[in-house]
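So the chains spell out like this:
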Amino acid sequence: MPSFANMQLSEILYMVAIRAFVAFAILPIHEWAHGYAAYRMGDNTAKSIGRLSINPLKHLDPIGFVALVLTGIGWAKPVPINPNNFRNPKKGFALSALAGPMSNLIMAFIGMILFKVAGYTLKLNYVYYTAFGQTLLEIISIIIIVNISLAVFNLLPIPPLDGSRLATYFFPERMYFQFMRYERIISVVLIGVLFSGLLDVPLGYINDGVIWLLDNATYPIDLIFRALY
């Protein structure tokens, strides 16, 4: 993610505004995906309390929102899920956890398509290097990067992230719940590590790999537009 280091105040405010907009647009979809997946597998907990919604205010977590604005990685208020309502509790719990990060990857894929279509269209109309063109592409690129960052970050097998819940499918429940006894302590440590920047380099490599995959997956768009030149 772009850092605030060596940026002017106007650039920092611009970046904060875009990240705040992205946070309100992306985090609710991530949480809705959790709730919808759970609902489809038999658990209506999220729906019964009005969380099966993309209304940002229903999912806002102040600390997670600030973290996303400042670091590019954050979280929303988790959608409650009751595994006892699933037809297959172990499978349902894992798939409902996976639904959030998958929604981010889908949005990143759509964003990559829009980025390429917009970029080539702007070039064809000779407005690629205008302020409008560059601002549009920058906003789309931030949407892509934030979605990828959220997906990769949330798949880490660390409480309270989605990856820790996905791990229940591969590890004995007894081991998982013993580990989850320390969820609150681990969460505090995770926040500290996140703000310290210690995760920036390893997560950055993974994010770059995902961007490479999405770029190659959308390569047909490059071929189509290059044929128009």
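Residues numbered from 1 in each chain as written. Predicted model: local features only at pLDDT ≥ 70, side-chain atom pairs only at ≥ 80, totals over all residues. Heavy atoms only, no water.

## Remarks on the overall build of the chain
Okay, so step 1: Assigned secondary structure in the chain consists of 11 helices and 0 strands.
Okay, so step 2: Its helices and strands in sequence order give the chain the pattern α-α-α-α-α-α-α-α-α-α-α, from N to C terminus.
Okay, so step 3: Relative to the compact-globule value of 17 Å for 229 residues, the chain shows a C-alpha radius of gyration of 19 Å, a close match.
Okay, so step 4: Its C-alpha atoms give the chain principal-axis dimensions of roughly 60 × 40 × 30 Å.
Okay, so step 5: Counting over 229 residues, the chain shows a buried share of 39%.
Okay, so step 6: Taking as baseline every contact in the chain between residues at least 6 positions apart, the subset at least 24 positions apart corresponds to 71%.
Okay, so step 7: Distance between charge centroids for the chain: 10 Å, based on 16 positive and 12 negative side chains. (Helix = DSSP H or I, 4+ residues; strand = E, 2+ residues; numbered from the N terminus. Rg over C-alpha atoms; globule rule 2.2 N^0.38 Å. Buried < 20%, exposed > 50% of the residue type's maximum accessible area, 1.4 Å probe, protein only. Contact = heavy atoms within 4.5 Å. Lys, Arg positive; Asp, Glu negative; His and termini not counted. Charge placed at Lys NZ, Arg CZ, Asp CG, Glu CD.)

## Comments concerning the packing of aromatic side chains
Okay, so step 1: Taken as a whole and judged by the stated rule, the model has 4 aromatic pairs.
Okay, so step 2: Ring centres of Trp 32 and Tyr 36 lie 5.0 Å apart, and the angle between their planes is 15°; on these two criteria the pair is classed as stacked. Taken together, the positions of Trp 32 and Tyr 36, both in helix α1 (residues 9–40) and 4 residues apart, correspond to about one turn of that helix.
Okay, so step 3: Summarising the aromatic geometry, the rings of Tyr 120 and Phe 225 are spaced 5.2 Å apart at their centres and angled 5° between planes, so their arrangement reads as stacked. Here Tyr 120 is found in helix α5 (residues 89–124), whereas its partner Phe 225 is found in helix α11 (residues 219–226), with 105 residues between them in sequence.
Okay, so step 4: According to the relative accessible area criterion, Tyr 120 is buried, its value standing at 13%.
Okay, so step 5: We note Lys 123 situated over the ring of Tyr 128; from NZ or CZ to the ring centre the distance is 4.8 Å. (Phe/Tyr/Trp six-rings, centres within 6.5 Å; stacked < 30°, edge-to-face > 60°. Lys NZ or Arg CZ within 6 Å of the ring centre and 35° of its normal.)

## Quick look at the pattern of salt bridges
Okay, so step 1: Enumeration over the complete set of coordinates arrives at 2 salt bridges.
Okay, so step 2: A salt bridge links Asp 215 to Lys 116; its shortest N-O distance comes to 2.7 Å. One end of the pair, Asp 215, is in helix α10 (residues 200–217); the other, Lys 116, is in helix α5, and 99 residues separate them in sequence.
Okay, so step 3: A relative accessible area of 33% means that Asp 215 is categorised as partly exposed.
Okay, so step 4: Of the residues examined, Lys 116 reaches a relative accessible area of 7% and is grouped as buried.
Okay, so step 5: One connected set of salt bridges, linked through shared partners, spans Lys 116, Asp 215 and Asp 222. (Salt bridge = Lys/Arg side-chain N within 4 Å of Asp/Glu carboxyl O.)

Nothing here speaks to function; it is geometry throughout.
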